[in-house]
Amino acid sequence: MSSLRTARAIFVSSALLGCDATIEPERRDIGATDASRDDAMGDVTASDTAHPATSPTWWQDVRPLISQHCAGCHSAGLVGPFALDTFADTRGKLAAIAAAVRTRTMPPWMPLAGCQEFRHARALTDAQIETLTQWANSGGPEGDPARPAAIAPVSRPSLEAPRRISLPSAYVPDFTALPTNADDYRCFVIEAPTTQTMYLTGYDLEPGVRAMVHHANLFAVPPASVAALNQSPNGYSCFGGAGLSSARTIGVWVPGTPPARYPERTGIEIVAGSALVVQMHYYRFDPRAAAPPPDRSTFLLELTATSPPRLGQLVGPGVSGFTVPARTRGHVVTGTWMTPSAGTLWGVLPHMHKLGRRIRVTLGDTCAVDVPSWDFHWQQAFFFDQPGGISVRAGMRSTVTCEYDNPRDVPVSAGEGSDQEMCGAPFYFTAE
Ligand code: HEC
């Protein structure tokens with residue numbers, strides 16, 4: 001914490017001195033060439049005399065940041081509740097933007113820094129937060145539209161010959177189903193039994209109505225349980241999972257992320273005769289919004305019939321059968337897991353429901369992930385940013401610690417229901 005504060009203090013004083021040393025690396029991040037960087041600074045000084053020379057401007061500093069870190073969700077028709085496409089859009093949200101980035105609620109990214117580095121991390125750097133804050137504090141100056149700073153191109157890895165699997169029918173979410181008056185969790189059986197064993201190596205989702213699809217989870221249901229599934233084309237209500245304890249999570253999609261690829265030469269087995277279930281989380285930001293349109297989202301699955309050299313499994317510490325007592329704050333539940341064999345841990349998927357406040361996972365003495373402010377809305381898998389993953393021996397201990405606040409007058413039990421809680425953190429694990 002103190003080092004964060006120091007970094008900010010240094011930034012502020014160098015900005016006051018008119019020295020842009022601290023914003024330099026950030027400008028390089030967004031892909032501006034040296035020439036455009038120099039030009040931009042020159043222009044800000046020359047043309048924007050109403051503001052201090054170092055005050056960030058829309059065209060020179062803010063637009064590339066918003067475009068790279070916010071527009072993936074805050075563009076017309078996407079899941080963000082408003083667009084940040086233009087100067088006017090963004091300027092109209094100055095205070096909200098400053099507050100959201102300062103508290104690190106936006107962009108949504110839950111893991112605490114300093115534990116592990118993760119692939120596709122969305123957190124802004126301190127310098128980027130400072131740029132947006134200073135821009136807001138100086139009233140959101142426009143700068144010179146004739147000399148915009150370059151916007152880094154977004155590179156999206158593509159899936160190889162993905163199979164497209166759509167929801168069985170167009171579904172109109174029922175936002176009155178839950179007390180939030182804003183959410184509907186709906187499960188659909190999207191593929192009747194597969195005829196041959198396949199391996200999932202990557203996936204993506206094409207939301208039907210992007211503005212409504214907050215996240216989507218994919219499950220494989222083993223053949224023995226397929227008969228128990230509700231195969232209605234309109235799906236069934238479900239919250240924490242697919243509603244069947246035998247269902248295994250095989251993919252988790254959140255908006256604004258590139259197609260998911262399991263680490264190289266690994267994949268998840270879907271045995272012949274399994275069914276796939278997709279859980280959609282539909283969401284509306286404004287409870288007074290008009291009736292929702294029907295959604296028919298499509299999962300893109302990269303499947304292969306040949307087994308990859310290493311099979312991935314989602315296994316790890318979890319706790320069942322616990323109760324969060326009524327009217328408690330900071331109730332702690334812990335669970336442990338031992339690595340079943342030597343192998344590799346590639347990522348981790350922390351999971352709680354809405355009363356969860358904090359979740360931490362350790363591996364031996366190492367921090368695997370630490371989420372200090374849990375937000376059920378933004379749960380996702382976090383893949384370690386290490387080329388070979390984390391190597392483990394057999395019998396290494398991993399611990400998950402979940403903390404809950406239960407303001408209700410009734411105790412809350414463990415389970416998949418929206419009025420129940422969960423505590424778990426499966427790893428994406430491959431045996432040696
Ligand atoms: C991954 C998608 C995503 C990204 C990236 C994203 N947002 Fe959001 N934003 C949302 C959604 C969805 C909401 C609605 C609230 C929620 O679900 O958390 C939201 C809400 C907001 C709000 C309303 C206040 C609040 O905290 O609820 C502000 C302001 C905001 N975003 C600003 C930004 C800015 C600025 C960036 C980039 C620095 C950004 N967002 C990046 C999806 C995103």
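In what follows, the structure referred to is the one given above.
Since the structure is predicted, the reported quantities are computational estimates derived from the model, not experimental observations. (Residues numbered from 1 in each chain as written. Predicted model: local features only at pLDDT ≥ 70, side-chain atom pairs only at ≥ 80, totals over all residues. Heavy atoms only, no water.)

## Brief notes about the side chain of Arg122
Of note, Arg122 is situated in the loop between α6 (94-102) and α7 (126-137). For the buried residue Arg122, which engages in no salt bridge, the nearest side chain bearing the opposite charge is Asp375, 9.7 Å off. Separated by 2.8 Å, the side chain of Arg122 and the backbone oxygen of Pro108 make a polar contact. Those residues within four positions of Arg122 in sequence are excluded, and the remaining contacts are His69, Pro107, Pro108, Trp109, Val254, Pro255, Gly256, Thr257, Trp378 and Gln380. (Helix = DSSP H or I, 4+ residues; strand = E, 2+ residues; numbered from the N terminus. Buried < 20%, exposed > 50% of the residue type's maximum accessible area, 1.4 Å probe, protein only. Lys, Arg positive; Asp, Glu negative; His and termini not counted. Salt bridge = Lys/Arg side-chain N within 4 Å of Asp/Glu carboxyl O. Polar contact = N/O pair within 3.5 Å; in protein donor to acceptor, adjacent residues only side chain to side chain. Contact = heavy atoms within 4.5 Å.)

## Quick look at the coordination of the iron atom of the ligand
Taken together, the protein donors to the iron atom of the ligand comprise His74 (NE2) and Met106 (SD), at separations of 2.0 to 2.3 Å. Geometry at the iron atom of the ligand is octahedral, judged from the six donor atoms that bind it and their angles of 87 to 179 degrees at the metal. Taken together, the positions of His74 in the loop between α4 (58-69) and α5 (87-91) and Met106 in the loop between α6 and α7 put the pair 32 residues apart, joining distant regions of the chain. Under the relative-accessibility criterion, Met106 is labelled partly exposed at 30%. (Donors = N, O, S within 2.8 Å, 3.2 Å for Na, K, Ca; no water. Tetrahedral: all angles 85-135°; square planar, octahedral: opposite > 155°, others 65-115°.)

## Describing the environment of Pro145
Its location among the elements puts Pro145 in the loop between α7 and β1 (163-166). Given the relative accessible area of 47%, Pro145 is considered partly exposed. For the pair Pro145 and Thr57, spaced 88 residues apart in sequence, the C-alpha to C-alpha distance is 10.0 Å.

## Some details on the site of the ligand
Residues in contact with the ligand amount to 22 residues; listed here are only the nearest, Cys70, Cys73, His74, Met106 and His214. Contact between the ligand and His214: an oxygen atom at 3.1 Å from a side-chain N or O atom of the residue. Tallying contributions element by element places α6 first for the shell around the ligand, with three residues. The residue makeup of the shell around the ligand, split by class, is 15 nonpolar, six polar and one charged. For the shell around the ligand, the two domains that each supply at least three residues are domain 1 (2-137) and domain 2 (163-308). (Near = heavy atom within 4 Å. Nonpolar A, V, L, I, M, F, W, Y, C, P; charged D, E, K, R; others polar. Domains from an automatic or database assignment.)

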